[in-house]
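# What the coordinates show
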Amino acid sequence: MRSPVTGIILLLLLLLALIVGYSSVFTVQQTEQALVVRFGKPVDVATAPGLHFKAPFIDTVIPVDKRILDLENPAQEVIASDQKRLVVDAFARYKIKDALQFYQSVGTIQAANLQLATLLNSALRRVLGEVTLIQVVRDQREALMQRIRAQLDHEANNYGIQVIDVRIRRADLPDQNSQAVYQRMKTERQREAAEFRAQGRQKAQEIRSNADREATVIVAEANSKAEQIRGEGDAERNRLFAEAYGKDADFFAFYRSMAAYETSLKSNDTRFLLRPDSDFFRFFGGATGKTAPAAPGTPAKP
């Protein structure tokens with residue numbers, strides 16, 4: 001029969017075995033890799049996910065993320081080759097490709113972010129300082145981002161880091177420069193608008209002058225044609241009157257007198273300062289227009 005002491009010893013041995021076994025294994029997740037450190041010195045790197053072994057109690061496991069990480073860089077002011085100041089907001093994506101080199105150079109992701117931010121700012125200033133504002137904003141933006149990524153990746157390789165991508169989120173003029181450019185553009189557009197309005201007024205004046213000149217010419221030609229036609233009509237009328245007068249002088253005199261009566265007797269005022277025996281009233285006494293013989297005893301006209 002076993003003694004209680006033997007049972008306790010076996011239980012302690014089993015517990016010790018469990019503790020030693022538990023401390024001699026570790027698990028690597030699919031999103032990470034593990035660095036095994038012994039007394040501060042790295043001894044192994046586990047990159048495959050699953051269960052791994054290490055020396056119990058003396059080895060320390062440091063997990064290292066192997067996913068793609070983001071580096072957010074605050075906006076920086078950069079001077080382009082044409083001396084234009086730009087506010088550039090960029091970010092990068094990277095991953096740790098060598099856990100041992102990463103641990104020996106920077107140690108943590110926070111320290112890596114600080115180091116990469118410094119390298120990214122330097123790459124931005126070098127690359128963008130060689131090109132103009134238009135090339136950064138419009139013409140060569142994609143090519144410039146590739147150049148910045150290549151330079152940053154070359155420098156980050158010393159830290160066991162691979163740079164996947166670098167993007168320029170925003171590249172604008174500073175606020176004070178933007179206001180000055182906007183004001184200059186506004187002034188230029190106002191000058192162009194004033195020039196266009198002046199040209200429009202000049203063109204309108206030319207059109208009105210041409211129209212007035214053409215109208216004057218047309219009216220003058222119309223008046224000339226009207227006067228010509230009126231003259232021809234008057235000539236024809238006079239010819240007819242002359243022809244009628246030549247055929248019957250008495251009828252012509254009668255017609256002229258009737259026309260004179262019609263014209264002079266239109267208004268209500270029919271007062272005339274004429275002698276009753278004036279030639280104007282010669283058809284009042286008879287259709288022939290001859291003066292009636294005077295009554296006996298009436299003195300003759302002087």
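To be clear, the structure that these remarks concern was listed above.
This section reports on the structure supplied with the text. Note that the coordinates shown come from a computational prediction; the quantities given were computed from them, not determined experimentally.

## Some remarks on the overall build of the chain
- Scanning the chain from N- to C-terminus turns up seven helices and nine strands.
- Counting all 302 residues of the chain, 22% fall into the buried class.
- Of all intrachain contacts in the chain linking residues separated by at least 6 positions in sequence, the fraction that spans at least 24 positions is 63%.
- Accessible area for the chain stands at about 21,200 Å²; split by element, carbon and sulfur atoms hold 57% of it.

## As for the side chain of Asn73
- By secondary structure assignment, the location of Asn73 is in the loop between strand S6 (69–72) and strand S7 (76–79).
- Within the structure, Asn73 has its side chain in polar contact with the side chain of Asn121 (distance 2.6 Å).
- Excluding anything up to four places from it in sequence, Asn73 contacts Asp89, Ala90, Ala117, Leu120, Asn121 and Leu124.

## What to know about the packing of helix H3 (residues 109–128) against helix H5 (residues 141–156)
- Where H3 meets H5, the axes come as close as 9 Å, and the angle between the chain directions of the two elements is 140°. By the criterion of interaxial angle, the relationship of H3 to H5 is oblique. Judged by the twist between their axes, the crossing of H3 over H5 is right-handed. Residue-level inspection shows Leu116, Leu119, Leu120, Ala123, Leu124, Arg126, Val127 and Leu128 of H3 in contact with H5, the latter providing Leu144, Arg147, Ile148, Gln151, Leu152, Glu155 and Ala156.

## Some words on helix H7 (residues 249–264)
- The terminal C-alpha atoms of H7, which comprises 16 residues, lie 23 Å apart, in line with the 22 Å expected from a rise of 1.5 Å per residue.
- Of the residues making up H7, those classed as buried are Phe252, Ser257 and Tyr261.

## Things to note about the sheet that holds strand S5 (residues 59–65)
- The three strands are arranged S3-S2-S5 in an open sheet whose pairing can be described as antiparallel. Since the sheet does not close on itself, it has two edges, and those belong to strand S3 (41–46) and S5, each with one partner. Taken over all neighbouring pairs, the strand axes of this sheet differ in orientation by 30° on average, direction set aside.
- Two strands pair when backbone bridges link them, and strand S2 (residues 32–38) and S3 are joined in this way by five bridges, in the antiparallel orientation. Paired with Leu35 across the strands is Val45, a residue of S3.

What counts, and at which threshold
- Residues numbered from 1 in each chain as written.
- Predicted model: local features only at pLDDT ≥ 70, side-chain atom pairs only at ≥ 80, totals over all residues.
- Heavy atoms only, no water.
- Helix = DSSP H or I, 4+ residues; strand = E, 2+ residues; numbered from the N terminus.
- Buried < 20%, exposed > 50% of the residue type's maximum accessible area, 1.4 Å probe, protein only.
- Contact = heavy atoms within 4.5 Å.
- Areas by Shrake-Rupley, 256 points an atom, 1.4 Å probe, with all protein chains shown as cover.
- Polar contact = N/O pair within 3.5 Å; in protein donor to acceptor, adjacent residues only side chain to side chain.
- Axes fitted to C-alpha atoms, helices over the stretch in contact; angles between N-to-C directions.
- Parallel < 35°, antiparallel > 145°, perpendicular 65-115°, else oblique.
- Left-handed = near helix turned anticlockwise from the far one by under 90°.
- Expected span 1.5 Å × (residues − 1).
- Pairing = 2+ DSSP bridges.

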